[in-house]
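Chain residues, written in single-letter form:
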Amino acid sequence: MAASGNNTEPNSRQRQHTLRKWQNKFVEGTDFDNWGQPVEADGCYQSLTGVLAEELQARSLQFSESDEVILRKILYAVEKRHQFLQSGDTTTDALDVTEMKAIAEGESCSVTILLRH
């Protein structure tokens, strides 16, 4: 890719592309979860937690501070759901899919795209 005079534009496009990929993985996981397919849902959640944690540590896409707060909330929610699915404990009052989605709802920043579908 040729360098442009505006260094933020390629990074912004890359962030949007990455957010769309994360959104697709989040939606895929919640769909599986809603359809009663916990193994498939957990695979999606595990994949998503890996890439979110990696990005939050590397900070390569230079998300704003408010975006990082939302990403950390999403990461927390998805990790909690993953832990529940791994435990197989149906007696625990666990985080359900609706609660997981609601954790970051109402926030007004670019990463809330993960929660829309």
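Residues numbered from 1 in each chain as written. Predicted model: local features only at pLDDT ≥ 70, side-chain atom pairs only at ≥ 80, totals over all residues. Heavy atoms only, no water.

### Focus: the overall build of the protein
In terms of regular secondary structure, the protein is built from four helices and zero strands. Starting at the N terminus and ending at the C terminus, the protein contains elements arranged as α-α-α-α. Buried positions account for 39% of the 117 residues belonging to the protein. A separation of at least 24 residues holds for 63% of the contacts in the protein among residues at least 6 apart in sequence. (Helix = DSSP H or I, 4+ residues; strand = E, 2+ residues; numbered from the N terminus. Buried < 20%, exposed > 50% of the residue type's maximum accessible area, 1.4 Å probe, protein only. Contact = heavy atoms within 4.5 Å.)

### A look at the environment of Val-27
Of note, Val-27 is situated in helix H1 (residues 8-34). Since its relative accessible area comes to 16%, Val-27 is described here as buried. Along the backbone, Val-27 and Ala-41 are 14 residues apart, and their C-alpha atoms lie at a distance of 9.6 Å.

### Examining helix H2 (residues 38-58)
The end-to-end C-alpha separation of H2 is 30 Å, in line with the 30 Å expected for 21 residues at 1.5 Å each. If you check which residues of H2 are buried, you get Ala-41, Asp-42, Cys-44, Tyr-45, Leu-48, Thr-49, Leu-52, Glu-55 and Leu-56. Buried residues along H2 cover an arc of 160° about the axis, so they all sit on one side. Exposed side of H2, more than 90 degrees from the buried face: Val-39, Glu-54, Gln-57 and Ala-58 are the residues found there. Once H2 ends, the next one or two residues include Arg-59, with phi positive near 55°. (Expected span 1.5 Å × (residues − 1). Arc of directions from axis to C-beta.)

### What to know about the packing of aromatic side chains
Tallied over the full model, the rule gives two aromatic pairs. Between the aromatic rings of Trp-22 and Phe-63, the centroid separation amounts to 6.0 Å while the plane-to-plane angle is 35°, which identifies the pairing as tilted. Here Trp-22, found in helix H1, pairs with Phe-63, found in the loop between H2 and helix H3 (65-87); they are 41 residues apart in sequence, far enough to count as distant. In terms of burial, Trp-22 and Phe-63 fall into one category: buried. Ring plane angle 85° and centroid distance 6.0 Å describe the contact between Phe-32 and Trp-35, whose orientation is recorded as edge-to-face. Using a relative accessible area of 17% as the deciding quantity, one classes Phe-32 as buried. Residue Trp-35 is classed as exposed on the basis of its relative accessible area, which comes to 59%. (Phe/Tyr/Trp six-rings, centres within 6.5 Å; stacked < 30°, edge-to-face > 60°.)

### Details of unusual backbone geometry
Even without being a glycine, Arg-59 presents a positive backbone phi close to 55°. Along the polypeptide, Arg-59 turns up in the loop between H2 and H3. The partly exposed category is assigned to Arg-59, whose relative accessible area is 49%. In this structure, Gln-62 takes a positive phi of about 50° despite not being glycine. Among the secondary structure elements, Gln-62 is positioned in the loop between H2 and H3. Since its relative accessible area comes to 55%, Gln-62 is described here as exposed.

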